[in-house]
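Report on the structure
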Amino acid sequence: MRGRGYCYLDSQRVELHTGSLVLLDCYLPHRYGYGSDSTFCTTFKRITGMTPLEYRNQR
């Protein structure tokens, strides 16, 4: 990650800085973002498991 941002984990805001690494379970509620005065660049990678489409279609 480059720049500054934040994410909420268990309703607590966590500040993110250059070099931060965050692993989120995409099936649990989460949110993230950045302030209007900051640039924010992330890379998203799916490690393992179902894709969101596969998860929705399993019912």
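Our subject is the structure listed above.
The present account deals with the structure reproduced in this document. Not measured: the values here are computed from a predicted model.

Calculation notes
- Residues numbered from 1 in each chain as written.
- Predicted model: local features only at pLDDT ≥ 70, side-chain atom pairs only at ≥ 80, totals over all residues.
- Heavy atoms only, no water.
- Helix = DSSP H or I, 4+ residues; strand = E, 2+ residues; numbered from the N terminus.
- Areas by Shrake-Rupley, 256 points an atom, 1.4 Å probe, with all protein chains shown as cover.
- Pairing = 2+ DSSP bridges.

So, on to the overall build of the protein. Looking only at helices and strands, the protein features 1 helix and 5 strands. Across the protein, helices and strands are ordered from the amino to the carboxyl terminus as β-β-β-β-β-α. When the accessible surface of the protein is summed, it comes to about 5,300 Å², and 51% of that surface belongs to carbon and sulfur atoms.

It is worth spelling out the pairing of strand β3 (residues 12-16) at this point. As paired strands, strand β2 (residues 5-9) and β3 are joined by 5 bridges and run antiparallel to one another. What sits directly across from Gly5, in β3, is Leu16. Here β2 folds back onto β3 in antiparallel fashion, the turn holding 2 residues, of which Asp10 has a positive phi close to 50°.

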